[in-house]
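# Report on the structure
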Amino acid sequence: MNKKIKKGMYGYRKARRKRQLIIIAGFLAAIAALLISRLFISWTSLNNLLTISAILLVLPMANTASPLVAAWKIKETPQDFYEAVRPYEEKFPVLYDLIITSNDLIMPIDAAVIHPGGVYLFCPQKDINVKKGEKFLNEMLTGWKLDGNAKIMVEKRNYLNRLASLKPVTEEEDDGSAPHVEKLLKSLSM
């Protein structure tokens, strides 16, 4: 059974990269076929039409390739980290393999735990501007009329300790915002 990996699931970055590479390869094959077929056609109008078609195919290919190039250096979430975070899925909503983008930041988020006390995100990129990233996320959360409690952590040990300290959500504490936060994080991700 081949289950499609959706945004927020473990392995999404790898599956998305593979899907984009296949699409780009298809575009390249179509462009090459159009340009090669020009060599065998002597009718000028059809020849020009094939050239224009090949040129027009470059635009959607570039739209597909640009996010791939921007996220090429981002590695997939390590299996051991996934196994360490996985037990918390029973207690809280957890999203994996997100690449959250703003106007000036590209933040690889290996895991995002959504809790009434805040949204805890692990970013393995040590040189990320944490304050700027948190400010962006909190502005987006408050823009959706949610609590702006996003915390980005770059140290794996600190992140796992923070998750271990979170108490399970009781019915009184559950404000019903988790699905909205999840939807927002997915919409901010590539």
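Note: the structure precedes this text.
Let me sum up the structure you'll find in this document. Once a new chain begins, its residue numbering starts again from 1 and follows that chain's sequence as written. A pLDDT threshold of at least 70 governs which residues receive local features in this predicted model, and a stricter bar of 80 or more applies before side-chain atom pairs are shown or counted, although totals over entire chains, interfaces and linings include all residues. Heavy atoms throughout the structure, all of them, feed into the side-chain values; hydrogens and water do not.

### Section: the overall build of the protein
Counting its secondary structure elements, the protein contains 6 helices and 4 strands. Each helix and strand of the protein, ordered N terminal to C terminal, gives the series α-α-α-β-β-β-α-β-α-α. With the principal axes as the frame, the protein shows a C-alpha extent of 75 × 35 × 35 Å. The buried label goes to any residue with under 20% of its type's maximum accessible area, the exposed label to any with over 50%, and the partly exposed label to all in between, with areas taken from a 1.4 Å probe on protein chains only. Every one of the 190 residues in the protein was classed for burial, and the buried ones make up 38%. A contact between two residues is defined here by any heavy atoms of the two lying within 4.5 Å. Within the protein, contacts between residues at least 6 apart in sequence are counted, and of these 65% link residues at least 24 apart. Areas reported as accessible are Shrake-Rupley estimates using a 1.4 Å probe. Residue values count occlusion only from the protein chains shown. Of the roughly 11,600 Å² of accessible surface on the protein, 59% is carried by carbon and sulfur atoms. Helix and strand assignments come from DSSP, with helices taken as H or I runs of at least 4 residues and strands as E runs of at least 2, each series counted from the N terminus.

### Considering the nonpolar core
Core analysis: the biggest nonpolar cluster contains 24 residues, and Ile 100, Met 107, Ile 109, Leu 121, Leu 137 and Leu 185 have the highest contact counts within it. Broken down by secondary-structure element, the contributors of at least two residues to this core are β1 (94-101), β2 (106-115), β3 (118-122), α4 (130-143), β4 (150-153) and α6 (178-188). Ranked by the residues each element gives to this core, the list is headed by α6, at 5 residues. Apart from the residues within four sequence positions on either side, Met 107 is in contact with Leu 98, Ile 99, Ile 100, Ile 128, Gly 133, Phe 136 and Ile 152. Definition used in this section: a nonpolar core is a set of buried Ala, Val, Leu, Ile, Met, Phe, Trp, Tyr and Cys residues joined via side-chain atoms within 4.5 Å. Tyr 88, Val 94, Ala 111 and Tyr 120 belong to the second-largest nonpolar core, a separate cluster that totals 15 residues.

### Examining the packing of helix α1 (residues 12-38) against helix α2 (residues 44-70)
Two numbers describe a pair of packed helices, the interaxial angle and the distance between the axes. Inter-axis angles, ranging from 0 to 180 degrees, are taken between N-to-C directions of lines fitted to C-alpha atoms, where helices are fitted over the stretch in contact. Packing of α1 against α2 brings their axes to within 9 Å, and their N-to-C directions diverge by 165°. With respect to α2, the element α1 is oriented roughly antiparallel. Here α1 and α2 pass one another in a crossing that is left-handed. Here the nonpolar group is Ala, Val, Leu, Ile, Met, Phe, Trp, Tyr, Cys and Pro; Asp, Glu, Lys and Arg are the charged ones; every other residue, Gly included, is treated as polar. Taken together, the residues of the contact of α1 with α2 sort by class into 18 nonpolar, 6 polar and 3 charged. The labels follow the angle: roughly parallel below 35 degrees, roughly antiparallel above 145, roughly perpendicular from 65 to 115, and oblique for the rest. Helix crossings fall into two classes, left-handed where the near helix is turned counterclockwise from the far one by less than a right angle and right-handed where it is turned clockwise.

### Concerning the sheet that holds β3
Should DSSP find at least two bridges between two strands, the strands are regarded as paired. Strand order in the open sheet formed by 4 strands is β1-β2-β3-β4, with mixed pairing between adjacent strands. Pairing within the sheet leaves two strands with one partner each, and these edge strands are β1 and β4. The average undirected angle you get between the axes of adjacent strands in this sheet is 30°. Bridge analysis of β2 against β3 gives 5 bridges, and the strand direction is antiparallel. The residue bridging Ala 111 from the neighbouring strand is Phe 122, located in β3. Taken strand by strand, α1 contacts β1 and β2, and its axis lies near 55° from that of β1. Each of β2, β3 and β4 is contacted by helix α5 (residues 156-165), which is oriented at about 150° to β3, the strand it contacts most.

### Some thoughts on α1
In a helix, the anticipated span is given by 1.5 Å times the number of residues less one. Between its terminal C-alpha atoms α1 stretches 39 Å, which fits the 39 Å expected from 27 residues at 1.5 Å a residue. What α1 keeps buried is the set Tyr 12, Arg 13, Ala 15, Arg 16, Gln 20, Ile 24, Phe 27, Ile 31 and Leu 34. The secondary structure elements touched by the buried residues of α1 are α2, β1 and β2.

### Description of a negative patch on the surface
A surface patch of like charges, here negative, comprises Asp 147, Glu 171, Glu 172, Glu 173, Asp 174 and Asp 175. Locating Asp 147 in the fold gives a position in the loop between α4 and β4. Only residues whose relative accessible area exceeds 30% and that form no salt bridge are eligible for patches; like-charged ones are grouped when within 9 Å, while nonpolar side chains (Val, Leu, Ile, Met, Phe, Trp, Tyr) are grouped when within 5 Å. By definition here, a salt bridge exists when the distance from a side-chain nitrogen of Lys or Arg to a carboxyl oxygen of Asp or Glu is within 4 Å. Note on charges: Lys and Arg go in the positive column, Asp and Glu in the negative column, and His and the chain ends are not counted at all. For the purpose of locating charges, the reference atoms are NZ of Lys, CZ of Arg, CG of Asp and CD of Glu.

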